[in-house]
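Chain residues, written in single-letter form:
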Amino acid sequence: MEVKKPAIRSMKYEEFKNNDYLERLVDELNRNGAGVVVGTLDELINWGRSNSLWSLTFGTSCCAIEFMALGAARYDMARFGFEVTRNSPRQADMIMVLGTITYKMAPVLKRLYDQMAEPKYVVAVGGCTISGGPFVKSYHVVNGIDKIIPVDVFIPGCPPRPEAFYYGMMQLQRKIKVEKFLGGVNRKEKKEE
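In this text, all values refer to a predicted model and were calculated from it rather than measured experimentally.

Student: Could you give an account of the pairing of strand β1 (residues 55-59), naming the residues involved and the relevant values?
Tutor: In this structure, β1 lies alongside strand β2 (residues 85-86), joined through 2 bridges in parallel fashion. From the neighbouring strand, Ser 55 faces β2, where its bridge partner is Thr 85. For the crossover from β1 across helix α3 (residues 62-69) to β2, the handedness is right-handed. Across 5 bridges, the pairing between β1 and strand β3 (residues 94-98) is parallel. The residue of β3 that forms the bridge with Phe 58 is Val 97.

In structure tokens, the structure reads:
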């Protein structure tokens, strides 16, 4: 009968019974400024936060229609933990901007972003949102929402396919999983001019 070797993250099987290895691991964690309990608690909180993203959807054109397809049975976004969309900025973790943003809409977008609780994230979806798209030389379209609010993830396309939405959302989940929830600063806001 073959004995199954346990798989422990960042620990070799040969060192499984070696207490010196555990003591070195704890010393390294303490030297880097994170206690074992705080680091583990941070990972647990970030896992929960990354798998329960509530989005405030700010859809203005065709990208919003493509986003609606994600909720259907074919692309079931509930499997990934970001199916809940909210119409209130106070209940949302992230704002998903889908479509063309004009200068008339920009103050409303900024106000909604400011009303969201920290930590908050921004996902820019589609060519119009990221760079102005086909309206790049137009007088009334903002050439990228990163000029108004800080963007965490860009999802390119015109409109992006559902697979691109999922890839972008999973990138945001990966970003959340490595953040420091208990202490530390993750992102610096743009300074008001």
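Student: Lay out the side chain of Thr 102 with the relevant residues and their values.
Tutor: Following the sequence through the fold, Thr 102 ends up in the loop between β3 and α4 (106-115). When its relative accessible area of 17% is taken as the criterion, Thr 102 is described as buried. Setting aside residues up to four positions removed in sequence, Thr 102 forms contacts with His 140, Val 141 and Val 142.

Student: Can you tell me about the sheet that holds β1, naming the residues and giving the values?
Tutor: An order of β2-β1-β3-β4-β5 is seen for the 5 strands of this open sheet, with the pairing classed as parallel. Both edges of this open sheet fall to β2 and β5 (153-155), since each of them pairs with a single strand only. Of the strands in this sheet, β3, β4 (121-125) and β5 are in contact with helix α6 (residues 162-177), which crosses β5 at around 170°.

Student: So, the pattern of salt bridges: which residues are in play, and what are the values?
Tutor: Summed over all chains, the structure comprises 4 salt bridges. Across the salt bridge formed by Glu 118 and Lys 120, the nearest N and O atoms sit 3.9 Å from each other. You can call Glu 118 exposed: its relative accessible area is 56%. A relative accessible area of 7% places Lys 120 in the buried class. One salt bridge in this structure joins Lys 175 and Asp 152, with 2.9 Å as the shortest N-O distance. Taken as a pair, Lys 175 in helix α6 and Asp 152 in the loop between α5 (127-131) and β5 lie far apart in primary sequence, 23 residues in all. Here Lys 175 falls in the partly exposed class, since its relative accessible area comes to 33%.

Student: Explain the nonpolar core residue by residue, including any values.
Tutor: Core analysis: the biggest nonpolar cluster contains 21 residues, and Met 96, Leu 98, Val 123, Val 125, Phe 165 and Leu 172 have the highest contact counts within it. Secondary structure elements with two or more residues in this core: α3, β3, β4, β5 and α6. Broken down by element, the residue count for this core peaks at 5 residues, all from α6. Met 116, Ala 124, Val 142 and Ile 149 belong to the second largest nonpolar core, which has 18 residues in total.

Student: Requested: an account of the UniProt feature "binding site: [4Fe-4S] cluster" (unreviewed entry) in the protein chain, with residues and values cited.
Tutor: Under the present numbering, the feature "binding site: [4Fe-4S] cluster" (unreviewed entry) in UniProt falls on Cys 62, Cys 63, Cys 128 and Cys 158. Of the residues just listed, which span 97 residues, no C-alpha pair is farther apart than 9.9 Å, and they cluster in one region. By the element assignment, Cys 62 lies in helix α3. Structurally, Cys 128 can be placed in helix α5.

Student: Outline the environment of Tyr 166, listing residues and values.
Tutor: With respect to the secondary-structure elements, Tyr 166 resides in helix α6. Here the alpha-carbon distance between Tyr 166 and Met 77, two residues 89 residues apart in the chain, equals 8.0 Å. Setting aside residues up to four positions removed in sequence, Tyr 166 forms contacts with Leu 70, Tyr 75, Asp 76, Met 77, Phe 80 and Phe 82.

Student: How would you explain unusual backbone geometry if you had to name every residue and give the values?
Tutor: For the bond from Glu 118 to Pro 119, the omega torsion is -10°, close enough to zero to count as cis. Its place among the elements puts Pro 119 in the loop between α4 and β4. The linkage connecting Cys 158 with the following residue, Pro 159, adopts the cis geometry, with an omega of -20°. For Pro 159, the position within the fold is in the loop between β5 and α6.

Reading guide: rules and limits
- All residue numbers refer to position in the chain's written sequence, counted from 1.
- Local features in this predicted model are restricted to residues whose pLDDT is 70 or higher, and side-chain atom pairs enter the listing and the counts only when it is 80 or higher, whereas totals over whole chains, interfaces and linings include all residues.
- Values reported for side chains reflect all heavy atoms of the structure, with hydrogen atoms and water molecules removed beforehand.
- What makes two strands pair is DSSP finding at least two bridges between them.
- Counting from the N terminus, the helices are DSSP H or I runs at least four residues long and the strands are E runs at least two residues long.
- When the strands point away from the viewer and the path from the first strand over the helix to the second turns clockwise, the crossover is right-handed.
- For the exposure calls, accessible area comes from a 1.4 Å probe over protein chains only, and a residue counts as buried if that area is under 20% of its type's maximum, exposed if over 50%, partly exposed in between.
- The contact rule is simple, with two residues in contact once any of their heavy atoms fall within 4.5 Å.
- Between N-to-C directions, angles cover 0 to 180 degrees, with each direction set by a line fitted to C-alpha atoms, over the stretch in contact for helices.
- Every case where a carboxyl oxygen of Asp or Glu lies within 4 Å of a side-chain nitrogen of Lys or Arg is listed as a salt bridge.
- Among buried residues, the Ala, Val, Leu, Ile, Met, Phe, Trp, Tyr and Cys ones that are joined through side-chain atoms within 4.5 Å form a nonpolar core.
- UniProt positions are given in the numbering used here, feature names are shortened, and annotations may be inferred rather than shown by experiment.

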